[in-house]
Amino acid sequence: MYDNLVYQDVSKLLISDIKHNHLPGAVLFSGPDASGKLTAALETARILSCTGQNRGSWQCTCYSCMQQKALTYSNLAVMGPRDCFLEIAAARKVFIDSCRQKASYINASRYLFLRSIRKLTIRFSAILWNGENNINKISALLEEINDDLQKLDFPRELPEGEELEKICDNLVTNSRKLESDYMYNTIPISQIRNMETWANIKTDEGKKTIIIENAEKMLSSVRNALLKILEEPPADCIFILTSSNKNAILPTVLSRVRAYNFKLRNSDEQKQVISRVFHTPEFQGNVSDYLLTFLPVSPDVIKQQAKIFYSGIINREIVNMEAIVKNCDSFKPKKILQLFLKDLIDFQKNLLKTPAGCQVSACACDKIRICYDNINSYNQNVRAALETLFRDLSALNVRNELIISKTGLA
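Residues numbered from 1 in each chain as written. Predicted model: local features only at pLDDT ≥ 70, side-chain atom pairs only at ≥ 80, totals over all residues. Heavy atoms only, no water.

K.L.:
I keep staring at the packing of helix H5 (residues 106-121) against helix H8 (residues 161-182) and nothing clicks. Help me out?
P.N.:
In helix packing, the relevant descriptors are the interaxial angle and the interaxial distance, both defined with respect to the helix axes. Two elements in contact, H5 and H8, have axes separated by 10 Å at closest approach and are oriented at 25°. Judged on the interaxial angle alone, H8 and H5 are roughly parallel. Crossing hand, H5 versus H8: left-handed. Facing H5, whose interface residues are Phe-113, Ile-117, Leu-120 and Thr-121, H8 presents Cys-168, Leu-171, Val-172, Ser-175, Leu-178 and Glu-179. Here the contact of H5 with H8 is built from residues that sort into seven nonpolar, two polar and one charged. (Axes fitted to C-alpha atoms, helices over the stretch in contact; angles between N-to-C directions. Helix = DSSP H or I, 4+ residues; strand = E, 2+ residues; numbered from the N terminus. Parallel < 35°, antiparallel > 145°, perpendicular 65-115°, else oblique. Left-handed = near helix turned anticlockwise from the far one by under 90°. Contact = heavy atoms within 4.5 Å. Nonpolar A, V, L, I, M, F, W, Y, C, P; charged D, E, K, R; others polar.)

As structure tokens, then:
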């Protein structure tokens with residue numbers, strides 16, 4: 001059990017609770033980013049549905065395990081926002097490299113690539129998206145992605161050379177579009193209601209698992225709807241919530257789940273994970289840093305563009321917003337926008353040296369948060385949102401008659 005969850009002692013507790021039938025109907029996996037929470041959640045779903053003799057073995061070939069490993073199991077639902085694109089791009093590199101080198105781990109890298117994409121597409125299940133306005137556009141894009149996935153799926157013989165790379169590149173491009181254009185920043189209440197309807201439908205295929213990622217990002221109306229389900233969970237269902245910020249989850253939700261805490265892996269352990277999963281032993285850094293190397297725009301370029309933006313505020317000069325958006329590849333995937341806005345926050349940290357500066361800094365951070373929400377939650381045009389942010393921060397600077405030290409841009 002949990003063969004793929006490495007350097008996490010919590011796996012021992014999960015194994016014990018499963019073997020002794022002590023696992024409750026609702027659990028929370030909490031811990032830092034890239035600590036294996038989703039891996040553990042998917043493995044828990046597979047183990048609970050396993051009908052093989054050696055229950056929970058990754059090598060099990062029972063029907064449910066094969067479907068779970070492929071992430072095509074009908075009794076599995078995954079909800080919640082997630083940055084999937086970087087993992088997909090990293091998995092694509094491993095897969096292509098293994099095919100070129102005819103490496104011994106081709107099958108493992110093949111699984112990695114297929115699963116990385118399905119971690120995204122499973123969130124767009126018709127079960128959850130029933131009634132959504134964009135369902136026709138999403139369905140057309142999903143159909144194209146699934147057609148390409150079938151060309152790479154087991155037990156089919158893999159295409160070779162340029163044909164294989166073309167299929168993989170198309171999958172990466174369409175996955176990026178699916179995530180950037182249609183992934184919600186928070187779970188809509190309509191999806192919670194659709195999930196509740198599905199969870200209450202009886203099935204002969206065993207226990208249903210509902211995974212809700214980034215549970216701390218749910219709006220109050222969604223949390224209230226989820227609370228009602230957790231109070232009286234449907235029979236033969238288990239809810240697995242994940243969070244990188246346990247303190248942001250309401251106490252009423254925490255009281256209805258059992259928490260399993262994941263630790264931050266140390267530098268050596270992270271290096272081993274990168275080597276084992278992505279076969280890049282030479283990389284020096286953590287898992288999150290490694291995935292950032294697959295952004296279509298490097299973090300250094302993003303920081304440079306944020307510096308241009310912020311310098312315009314300091315010097316009271318107009319900046320070329322169109323060029324910033326273009327140089328940041330239209331801020332797709334959304335991780336680029338997150339890094340850009342984080343850089344803006346970092347640049348004005350020198351304001352924290354005085355009480356008055358702290359107040360201005362807090363106001364600036366609030367404006368930046370509103371900008372992010374307007375883009376991600378309300379689908380405002382990125383350029384328009386950044387132009388509004390530029391005006392707001394410029395007005396804040398002028399109103400407080402503060403000349404912000406350029407050392408913040410060093």
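K.L.:
Just to check I follow, could you spell out helix H10 (residues 220-231) for this structure?
P.N.:
The α-helix winds at 3.6 residues per turn, so residues separated by three or four positions along the chain end up facing the same way. Along its 12 residues, H10 runs 16 Å from first to last C-alpha, staying within 8% of the 16 Å computed at 1.5 Å per residue. Among the residues of H10, Val-222, Arg-223, Ala-225, Leu-226, Leu-227, Ile-229 and Leu-230 are the ones counted as buried. (Expected span 1.5 Å × (residues − 1). Buried < 20%, exposed > 50% of the residue type's maximum accessible area, 1.4 Å probe, protein only.)

K.L.:
What should I look at first to understand the pattern of salt bridges in this one?
P.N.:
Between side chains of opposite charge, a pair can form when the charged atoms approach closely. Enumeration according to the criterion identifies 23 salt bridges in this entry. For the salt bridge of Asp-346 with Lys-349, the shortest nitrogen-to-oxygen distance reads 3.2 Å. For Asp-346, a relative accessible area of 27% puts it in the partly exposed group. For Lys-349, a relative accessible area of 45% puts it in the partly exposed group. Linking Glu-387 and Arg-383 is a salt bridge whose minimum nitrogen-to-oxygen distance equals 3.1 Å. Highlighted residues: Glu-387 and Arg-383, both in helix H18 (residues 382-399), separated by four residues, approximately one helical turn. Judged by its relative accessible area of 27%, Glu-387 falls in the partly exposed class. Salt bridges linked by common partners bring Arg-82, Glu-87, Lys-119, Arg-123 and Glu-213 together as one network. (Salt bridge = Lys/Arg side-chain N within 4 Å of Asp/Glu carboxyl O.)

K.L.:
How should I be thinking about the packing of helix H9 (residues 189-199) against H10 in this particular structure?
P.N.:
Running from N to C, H9 and H10 cross one another at 15°; their axes reach a closest spacing of 9 Å. Of the possible angle classes, the one that applies to H9 and H10 is roughly parallel. Like other packed secondary-structure pairs, H9 and H10 cross with a definite hand, here left-handed. Of H10, the residues touching H9 (which contributes Ile-189, Ile-192, Met-195 and Glu-196) are Ser-221, Val-222, Ala-225, Leu-226 and Ile-229. Class assignment of the residues belonging to the contact of H9 with H10 gives a composition of seven nonpolar, one polar and one charged.

K.L.:
Got a minute to help me understand the packing of aromatic side chains in this structure?
P.N.:
Aromatic ring pairs: the centre-centre distance and the angle between the two ring planes describe each pair. Using the criterion set out here, one finds 14 aromatic pairs in the structure. Taking 6.4 Å as the distance between ring centres and 65° as the angle between the ring planes, the aromatic pair formed by Trp-58 and Tyr-111 counts as edge-to-face. Remark: Tyr-111 occurs in helix H5 and Trp-58 occurs in the loop between helix H2 (37-49) and helix H3 (63-69); sequence separation between them is 53 residues. Ring geometry for Tyr-310 and Phe-347: centres 5.8 Å apart, planes at 40°, overall tilted. (Phe/Tyr/Trp six-rings, centres within 6.5 Å; stacked < 30°, edge-to-face > 60°.)

K.L.:
Is there a simple way to explain the nonpolar core in this structure?
P.N.:
Among soluble globular proteins, nonpolar side chains are generally buried collectively. Ranked by size, the top nonpolar core spans 103 residues in total, and within it Phe-309 and Phe-340 carry the most contacts. Counting residues per element, this core draws most heavily on helix H4 (residues 85-101), at 10 residues. Beyond its immediate stretch of four places on either side in the chain, Phe-309 contacts Val-319, Met-321, Ile-324, Phe-340, Leu-344, Leu-386, Leu-389, Phe-390 and Leu-393. By size, the runner-up hydrophobic cluster in this structure holds 25 residues, among which are Leu-38, Ala-45, Val-78 and Ile-122. (Core = buried A, V, L, I, M, F, W, Y, C linked by side-chain atoms within 4.5 Å.)

K.L.:
Explain unusual backbone geometry here, please?
P.N.:
Note on backbone geometry: most residues besides glycine have negative phi, and most peptide bonds are trans. The omega torsion of the bond from Phe-154 to Pro-155 falls at 0°, within 30 degrees of zero and hence cis. Within the secondary structure, Pro-155 sits in the loop between helix H7 (135-152) and H8. Put simply, Lys-332 and Pro-333 share a cis peptide bond, and its omega is 5°. Notably, Tyr-2 is not glycine yet its phi reads approximately 55°, a positive angle. Looking at the secondary structure, you find Tyr-2 in the segment before helix H1 (10-19). The exposure class assigned to Tyr-2 is buried, which follows from its relative accessible area of 3%. One non-glycine residue with positive phi stands out, namely Ser-330, at about 60°. Along the polypeptide, Ser-330 turns up in the loop between helix H15 (321-327) and helix H16 (334-347).

K.L.:
What should I look at first to understand helix H14 (residues 299-315) in this one?
P.N.:
Between its first and last C-alpha atoms H14 spans 24 Å; for 17 residues at 1.5 Å apiece the expected length is 24 Å, and the two agree. Along H14, the positions that sit buried rather than exposed are Ile-302, Gln-305, Ala-306, Phe-309, Tyr-310, Ser-311, Gly-312, Ile-313 and Ile-314. Against H15, H16 and H18 lie the buried residues of H14.

By themselves, these observations are geometric and do not establish any function.
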